Amino acid sequence: MLSSIALPALIPGPLAAAEAGVAPATIRKWVQLGHLRAAGKAGRAQLFRLEDVFAAERTARRRARTA
């Protein structure tokens, strides 16, 4: 029996940045700070789950408000 569960799509950093409305450098900074983790690689490019990117973005906005 085949499962109907969809696997999360993995997208490269520049596309993840565009979806979250931030610069690609911000995605790289979130990775460096440990707020976001790559879910895979395609060659040298890191791939991310969009839901992980949005979670990191919410966390960053929350921290910016409390700072």
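Just so it is clear, the structure is predicted and the values come from calculations on it, not from any experiment.

> Even after reading the chapter, I still don't get the sheet that holds strand 2 (residues 40-42), so can you show me in this structure?
The pairing of strands in a sheet comes from backbone hydrogen bonds and takes either a parallel or an antiparallel form. Across the sheet, 3 strands lie side by side as 1-3-2; this open sheet has antiparallel pairing. The sheet terminates laterally at strand 1 (10-12) and strand 2, the two strands that pair on one side only. In this sheet, neighbouring strand axes are inclined to one another by 45 degrees on average, regardless of whether the strands run parallel or antiparallel. Across the sheet, helix 1 (residues 13-20) is in contact with strand 1 and strand 3 (45-49); its angle to strand 1 comes to roughly 95 degrees.

> Even after reading the chapter, I still don't get the packing of helix 1 against helix 3 (residues 50-66), so can you show me in this structure?
Between two packed helices, the angle of one axis relative to the other and the distance separating the axes together describe the packing. With their axes 10 Å apart at the nearest point, helix 1 and helix 3 run at an angle of 55 degrees to one another. Taken together, the axis directions place helix 1 and helix 3 in an arrangement best described as oblique. Helix-helix and strand crossings are classified by hand; for helix 1 and helix 3 the assignment is right-handed. Along its contact with helix 1, which presents Ala16, Glu19 and Ala20, the element helix 3 presents Leu50, Val53, Phe54, Glu57 and Arg61.

What counts and what doesn't
- Residues numbered from 1 in each chain as written.
- Predicted model: local features only at pLDDT ≥ 70, side-chain atom pairs only at ≥ 80, totals over all residues.
- Heavy atoms only, no water.
- Pairing = 2+ DSSP bridges.
- Helix = DSSP H or I, 4+ residues; strand = E, 2+ residues; numbered from the N terminus.
- Axes fitted to C-alpha atoms, helices over the stretch in contact; angles between N-to-C directions.
- Contact = heavy atoms within 4.5 Å.
- Parallel < 35°, antiparallel > 145°, perpendicular 65-115°, else oblique.
- Left-handed = near helix turned anticlockwise from the far one by under 90°.

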